Amino acid sequence: MENNTVEILQQYLWKASYETIEMVIISLVAALVFGTLLGLILYLSETDLLVKNKAVNAIAATVVNIIRSIPFIILLVVLIPLTKFITGTTIGPIAASVPLSFCAIAFHARLVEGAFSDIDSGVIESSVATGASIKLIISDVLFVEARASIVRAITVTLVSLIGYSAMAGIVGGGGIGDLAIQFGYYRYESGVMLVTVVLLVLIVQIAQIIGDKVAESFVH
Amino acid sequence: MNQDILNNPIIELQNINVTFKSAEGNPLVAVSDVSLKVDRGEIFGIVGSSGAGKSTLARVVNLLQKPTDGKVLIDGQNITDYRGDELRKLRLRIGMIFQHFNLISGLSVEDNVAFNLKAAGYPKSDIHSRVVELLNLVGLSDKLKSYPSKLSGGQKQRVAIARALANNPELLICDEATSALDPKTTDEIVSLLNDINKKLKITIVFITHQMEVAKKLFNRIAVMDSGKIVEINSTYSLFSNPTSHVSEALVSTVLDIEIPEELELSEESHLVKILYAGGGAYNPIISNLSKTFDVDLSILSGKIEYINKKPLGILLVSIIGEESERLKAIEYLKDNTTKVELIEKRDNNGK
């Protein structure tokens, strides 16, 4: 490796990694909280024996579909005014976390909805027949039966977020992906490109392996 | 419990209709104008072939399926429009078990049973001891910590029964509860339900297409066909004297005998199928017959079923002798048994 490459990496890699972690963690937490909630609302409002509500379902589905249909790179730009309103700035990893969170919430909501939909409808029926409250069914049936699928969904969301965070460089978000573009692509630093790509592959692999292990432990 | 409740049938369905919207827009009638009463403490069966609307009808009782029309009365109370908390409280009084058990796969046996107790707001500190008590009742106390995937079908159904009985319901609805089990396990579950019915005085409504189960378990039976009830009768009467074609076809699945293919009969004989029910089943009809008339009898096939502890017999007999004596013998049989059916002799080509 050329000296130049090592210098660049020494100077920027830690900062870039930190920025990536920052963006991914913020948006992943947003997805876990709001995406899961939105996914639950989508599922509950479309399921006959639970709290079927066509209006609520249509509104939630529309919100999710709108966000999901806008390409991320455009969402980044479209949401600039909102980002400024929430974070007070439009550049840096914190600012980039706003569009990333939107994207992650909508993405994760659909995955969570799918995880709940995969639960055997007979199990839902028998739980409703017991006279259990919807709260108890959510905590002791839905989240129990769907937990392996939800862990897999979290892994998929996380991996997608790592990918999307690379585009955050467009709005000055920084991160490992941005490092690869700035040096590896624009300045022909192939060594930088190679190291960042290997690093991203490693992070994704580790996330996937951990996710699979956890999901597996929930299968009885 | 006040006297009023005790005098009312536990379930009364009045003119129940259930219609589904189908994809093509034609309404699909699943249940059509069904009225019936189930008495407290009985084991009431609803039988019929698949698609007859039995399961839909069973789900109307605890409003898992809302009827399109008609009224559902539980203990004389009209519950048809119950919703929310009112409906939840009603369901706590009605246990239900299913063909595919429907246990929560991610919870241990203990937690599965505990779920129903939690649903009723059972005191937390007492849950464990109540779960142990219920598992003892179904003979599974050693499986407390097992997960459903580690249990056999019969064991899963036992857990489902324990769970359904957790809150001391007055009524247990069983939807094809033995249809996914092998015959031996089916017998075990049937006798467990019989025990529970006697021990706990719980009323059981059991949906099935298995007449073997009907024969062993039910006090009364409603026969369903294309969404309608075609006959309601005591199990014994239904088996000994079915009044509709559907009932007859269902009964014949357990109570019929095959006429042997290779049977060759002489010109001098009559082939008759004799059904004898009630007290008559104990009379020595066959030996009387050969003593009274100048005929010989040979028994080709036969069986005796015991339904609600009463015998019900069916015999295939060939009567050999002079024609006049044979006809007199057949008259005698008609007078002294429940049903006599003359069977046409097949010609030698086997037609």
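The preceding data block contains the structure.
Reading the values: the criteria
Residues numbered from 1 in each chain as written. Chains lettered and ligands numbered in written order. Predicted model: local features only at pLDDT ≥ 70, side-chain atom pairs only at ≥ 80, totals over all residues. Heavy atoms only, no water. Helix = DSSP H or I, 4+ residues; strand = E, 2+ residues; numbered from the N terminus. Buried < 20%, exposed > 50% of the residue type's maximum accessible area, 1.4 Å probe, protein only. Contact = heavy atoms within 4.5 Å. Areas by Shrake-Rupley, 256 points an atom, 1.4 Å probe, with all protein chains shown as cover. Pairing = 2+ DSSP bridges. Core = buried A, V, L, I, M, F, W, Y, C linked by side-chain atoms within 4.5 Å. Axes fitted to C-alpha atoms, helices over the stretch in contact; angles between N-to-C directions. Parallel < 35°, antiparallel > 145°, perpendicular 65-115°, else oblique. Left-handed = near helix turned anticlockwise from the far one by under 90°. Nonpolar A, V, L, I, M, F, W, Y, C, P; charged D, E, K, R; others polar.

J.: What's the story with the overall build of chain B in this structure? I'm lost.
T.: The secondary structure content of chain B amounts to twelve helices and 14 strands. Dimensions along the principal axes, computed over C-alpha positions, put chain B at roughly 80 × 50 × 45 Å. Looking at the 351 residues of chain B, the share that counts as buried comes to 50%. Counting contacts in chain B only where the partners sit at least 6 residues apart, residues at least 24 apart contribute 69% of the total.

J.: Please explain the overall build of chain A as it appears in this structure.
T.: Across its full length, chain A holds ten helices and zero strands. With the C-alpha coordinates of chain A rotated into their principal frame, the extents come out at 70 × 40 × 25 Å. Looking at the 220 residues of chain A, the share that counts as buried comes to 48%. Excluding contacts between residues fewer than 6 apart, the proportion of contacts in chain A whose partners are at least 24 apart in sequence is 76%. Surface exposure of chain A reaches about 10,900 Å², of which carbon and sulfur atoms provide 68%.

J.: Can you help me understand the pairing of strand β4 (residues 69–74) of chain B in this one?
T.: Walk down a regular strand and you will see the side chains alternate between the two sheet faces. All names here are of chain B. Sheet analysis places strand β1 (residues 11–21) next to β4, joined by five bridges and oriented antiparallel. Among the inter-strand pairings, asparagine 17 is bridged to a residue of β4, identified as aspartate 69. Alignment of β4 against strand β5 (residues 77–78), held across two bridges, turns out to be antiparallel. Bridging across to β5, isoleucine 74 finds its partner in glutamine 77. Hairpin connection of β4 to β5: two residues between the antiparallel strands, including aspartate 75 at a positive phi of 50°.

J.: Hey, could you run me through the nonpolar core in this one?
T.: Where a protein is soluble and globular, its nonpolar side chains tend to be buried together. Phe116 and Leu142 of chain A together with Ile11, Ile16 and Leu57 of chain B are the most contacted members of the largest nonpolar core, which totals 60 residues. In terms of nonpolar packing, the next biggest core, distinct from the first, is built from 59 residues, Phe101, Val138, Ile204 and Leu250 of chain B among them.

J.: So what exactly am I meant to see when it comes to the packing of helix α6 (residues 121–129) of chain A against helix α7 (residues 134–145) of chain A here?
T.: Packed helices, taken two at a time, are described by the angle their axes make and the gap between the axes. Residues and elements named next belong to chain A. At a minimum axis separation of 11 Å, α6 and α7 run at an interaxial angle of 165°. Taken together, the axis directions place α6 and α7 in an arrangement best described as roughly antiparallel. In the packing of α6 onto α7, the handedness of the crossing is right-handed. Contact residues: Val123, Ile124, Ser127 and Val128 in α6; Ile137, Val141, Leu142 and Glu145 in α7. Here the residues of the contact of α6 with α7 are counted per class, giving six nonpolar, one polar and one charged.

J.: Explain the side chain of serine 127 of chain A to me, please; I cannot follow it from the model alone.
T.: Structurally, serine 127 of chain A is set in helix α6. Classification of serine 127 of chain A as buried rests on a relative accessible area of 1%. When sequence neighbours within four positions are dropped, the list of residues in contact with serine 127 of chain A reads Ala132, Ile137 and Val141 of chain A together with Phe115 of chain B.

J.: I'm lost on the environment of threonine 196 of chain A in this one. Help?
T.: Residue and element names in this part refer to chain A. If you trace the backbone, threonine 196 turns up in helix α10 (residues 190–217). Along the backbone, threonine 196 and leucine 76 are 120 residues apart, and their C-alpha atoms lie at a distance of 23 Å. If we skip the residues at most four places from it in the chain, threonine 196 touches Ile176, Leu179 and Ala180.

J.: Looking at this structure, I do not really get the sheet that holds β1 of chain B. What am I missing?
T.: The strand order across the open sheet built from four strands is β2-β1-β4-β5 (chain B), with neighbouring strands paired in antiparallel fashion. Every interior strand has two partners, whereas the edge strands, β2 (27–38) and β5 of chain B, have only one.

J.: What's the story with the pairing of strand β12 (residues 295–307) of chain B in this structure? I'm lost.
T.: Residue and element names in this part refer to chain B. Pairing of β12 with strand β13 (residues 310–321) involves twelve bridges; the strand directions are antiparallel. Opposite lysine 303, over in β13, you have isoleucine 314 as the bridge partner. Remark: two residues form the turn of the hairpin made by β12 and β13, two consecutive strands paired antiparallel; asparagine 308 in that turn has positive phi of roughly 50°.

J.: Got a minute to help me understand the sheet that holds strand β9 (residues 220–225) of chain B in this structure?
T.: Pairing between sheet strands relies on hydrogen bonds along the backbone, with the strands arranged either parallel or antiparallel. Residues and elements named next belong to chain B. Spatially, six strands are ordered β6-β7-β8-β3-β9-β10 in an open sheet, and the strand pairing comes out mixed. Since the sheet does not close on itself, it has two edges, and those belong to β6 (94–97) and β10 (228–234), each with one partner. Across the sheet, the mean angle separating the axes of adjacent strands is 15° when strand polarity is ignored. By the bridge criterion, five bridges tie strand β7 (residues 171–175) to strand β8 (residues 203–208) in an arrangement that is parallel. Bridged to cysteine 174 within β8 is phenylalanine 206.

Any link to function would need more than the numbers given here.
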